[in-house]
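Below, each chain spelled out in residue letters.
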Amino acid sequence: RVNMLGTFFKIFGNIFFTRFLGVSGLVLSTYVAEIFAAGLGIAILQKINFLSPILTSAQSLPPNNKKVITKYAVLCAITNFTSTMLVLLDITCLDFTLSDPNLLADYKVAATLPTACIFIPAGLITYFYPQMVESFSSGIDEFKRYFQQLMKMFFCINFVAFLGLILFAPLLITLLYGEKYTNVVSIFRVLCFNFLITATVRKLLGNMICVVKA
């Protein structure tokens, strides 16, 4: 609910506020949507009395345990921040090296849909992460077996999405951006292949590292 409502308000807000406030409206609506999603998540957890016992338990933790948890949380935050920055780095590099607004616009259009499709593995990870932790707690052999099953499943699901994007690339570009951007179909297909690798390998391996606390 949190992810879907947050995404809905982000899309609606981006369109509505950008129409009247331009770039400032786009930035403002993005922040508002993220704050709304976070607030909604906290409200749901409070309603089922999930946070209070955790906060009470956290206060009674030994200092060494608090240090381990804090170190792990900071590591995850840095990893997520770096991952987000890498998504933006390609456009920044193109801007510095090519300095051609037309090529930059073409690339941005071609990258938008494959990037947005990352919600597929993100949703799967949200569901399967607790089972990954449980299988790791059961032993390394059980974890390897479960991880191999997840890798196969992720690849199959992401491959279906990848195949659909590749086959219907001209239609999707025309419907979303108009015929003036049909020249980006080849770039779009290359980036779709990048989506397949990222969605299958990076998302799963990144969360596996979190599970084993490497």
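Look above for the structure.
This write-up is about the structure you can find in this document. (Residues numbered from 1 in each chain as written. Predicted model: local features only at pLDDT ≥ 70, side-chain atom pairs only at ≥ 80, totals over all residues. Heavy atoms only, no water.)

With respect to unusual backbone geometry
The following threshold applies: Secondary structure follows DSSP: runs of H or I at least 4 residues long count as helices, runs of E at least 2 residues long count as strands, and numbering of each begins at the N terminus.
In this structure, N49 is a non-glycine residue whose phi angle is positive, near 55°. Relative to the elements of secondary structure, N49 occurs in the loop between helix 2 (23–47) and helix 3 (51–59).

Some points on the pattern of salt bridges
Defined as follows: The term salt bridge refers to a pairing of a side-chain nitrogen on Lys or Arg with a carboxyl oxygen on Asp or Glu at a separation within 4 Å. Three labels apply to residues, based on accessible area from a 1.4 Å probe with only protein chains included: buried if under 20% of the type maximum, exposed if over 50%, partly exposed otherwise in between.
In the structure shown here, the tally under the stated rule is two salt bridges. For E34, the salt bridge goes to K10, with nearest N and O atoms at 2.7 Å. Of this pair, E34 sits in helix 2 while K10 sits in helix 1 (residues 2–21), and the two are 24 residues apart along the sequence. With a relative accessible area of 42%, E34 lands in the partly exposed category. Between R145 and E142 there is a salt bridge, with its nearest N and O atoms 2.5 Å apart. Pair noted here: R145 and E142 are both in helix 7 (residues 140–167), with a separation of three residues, about one helical turn. We classify R145 as partly exposed; its relative accessible area is 39%. The class of E142 is partly exposed, set by a relative accessible area of 29%.

Quick notes on the packing of aromatic side chains
Put simply, the rule is: Two aromatic rings, drawn from Phe, Tyr or Trp (for Trp, its six-membered ring), form a pair once their centres lie within 6.5 Å of each other, and the interplanar angle then sorts them: stacked below 30 degrees, edge-to-face above 60, tilted otherwise.
Under the counting rule described, the total for this entry stands at 13 aromatic pairs. With a centroid separation of 4.9 Å and an interplanar angle of 85°, the aromatic rings of Y127 and F128 are classed as edge-to-face. Exposure remark for Y127: the relative accessible area of 56% places this residue in the exposed category. Owing to a relative accessible area of 15%, F128 belongs among the buried residues under this scheme. Note on F155 and F159: the rings are 5.7 Å apart at their centroids and 25° apart in plane angle, and the pair reads as stacked. In this pair, F155 and F159 are both assigned in helix 7, four residues apart and thus about one turn of the helix distant.

By themselves, these observations are geometric and do not establish any function.
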